[in-house]
Amino acid sequence: MKRALIVVDVQNDFCEGGSLPVPGGAQVAHDIAEVLHHWVIQDPKAPDYAHVVATKDHHVDPGAHWSRDPDYAESWPVHCKVGTDGEAFHPNLDPQPFDAIFLKGEREAAYSGFEGRTTDGISLAEWLRARGVTDVDVCGLATDYCVRLTALDAAREGFVTRALSRLCAGIAPDTVEAAWAEMRAAGVTVA
């Protein structure tokens, strides 16, 4: 077994003060950083990750995904625009020892980290398989959107998948509960 941690979209625009904030996003950034700190210093109590990767919304012109009158289901306010501070990782997410970063949604909507690619064009699934990863833990923002779809795609891709509920935050309690239920039904362990 070789396990990787996937940190999903812990960016300024998805935390308090951003254009599309998730309640508790800054705290999740801090909590993930605590785990990463212990992993970097090789604390024996740290999770045994072979790799740590991250995903980012990386929008240039995602078409109807952005709207001046968003419906918050298929369209959203402008967020994570390339070249803005909103696209950057939240400062609470320090350290950032990512082995790779997967950018998604440059010219279209993209929710799952498995839609992302490195700047060299390598997909998340391809990158993980090339390194012998069999198991993944998923955490980040937002539980009911990008975390959910990343975890579901990880399971579909054949990875043994856990979603780390303590290291996630979502938009609303009812959609978060529905997301956990959907993940469990798909074989994702909610830890």
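Predicted model only: the values in this text are computed from it and were never measured.

**Student:** Is there a simple way to explain the nonpolar core in this structure?
**Tutor:** When a protein is soluble and globular, its nonpolar side chains tend to lie buried together. Of all hydrophobic cores here, the largest spans 55 residues; its most connected members are I6, V7, I32, L93, L128 and V136. Ranked by residues supplied to this core, first place goes to helix α1 (residues 25–40) with 6 residues. Leave out the neighbours within four places in its chain, and L128 touches A4, I6, F114, V133, V136 and F159.

**Student:** Help me understand the UniProt feature "domain: Isochorismatase-like" (unreviewed entry) in the chain, please; the structure alone is not making it clear to me.
**Tutor:** The feature "domain: Isochorismatase-like" (unreviewed entry), as given by UniProt, occupies residues 4–190 in the numbering adopted here. In this annotation, residues 4–190 is assigned 27% helix and 19% strand; the end-to-end C-alpha distance for the span is 16 Å.

**Student:** How do you make sense of helix α3 (residues 143–156) when you look at a structure like this?
**Tutor:** Along an α-helix, residues three or four apart share an orientation, since each turn contains 3.6 residues. The element α3 is largely enclosed, with a buried count of 10 among its 14 residues. Turning to α3, its buried residues number three or more, namely T143, D144, C146, V147, R148, T150, A151, L152, D153 and A154. In the core, the buried residues of α3 are packed alongside β1 (3–8), β3 (100–104), β4 (135–141), β5 (160–169) and α4 (173–185). In the stretch just after α3, G158 is the one whose phi turns positive, near 95°.

**Student:** So what exactly am I meant to see when it comes to the sheet that holds β1 here?
**Tutor:** Backbone hydrogen bonds hold the strands of a sheet together, and the pairing may be parallel or antiparallel. Strand order in the open sheet formed by 6 strands is β3-β2-β1-β4-β5-β6, with parallel pairing between adjacent strands. Because the sheet does not close on itself, it has two edges, and the strands there are β3 and β6 (189–190). As judged from the 2 bridges shared by β5 and β6, these two strands associate in the parallel manner. Residue A163 lies in a different strand from β6, and its bridge partner there is V190. Docked against the sheet, α1 engages β1, β2 (51–57), β4 and β5, running at close to 125° with respect to β5. Running at roughly 165° to β5, α4 makes contact with β5 and β6 of the sheet.

Rules and cut-offs
Residues numbered from 1 in each chain as written. Predicted model: local features only at pLDDT ≥ 70, side-chain atom pairs only at ≥ 80, totals over all residues. Heavy atoms only, no water. Core = buried A, V, L, I, M, F, W, Y, C linked by side-chain atoms within 4.5 Å. Buried < 20%, exposed > 50% of the residue type's maximum accessible area, 1.4 Å probe, protein only. Helix = DSSP H or I, 4+ residues; strand = E, 2+ residues; numbered from the N terminus. Contact = heavy atoms within 4.5 Å. UniProt positions renumbered as here; feature names shortened; annotations may be inferred. Pairing = 2+ DSSP bridges. Axes fitted to C-alpha atoms, helices over the stretch in contact; angles between N-to-C directions.

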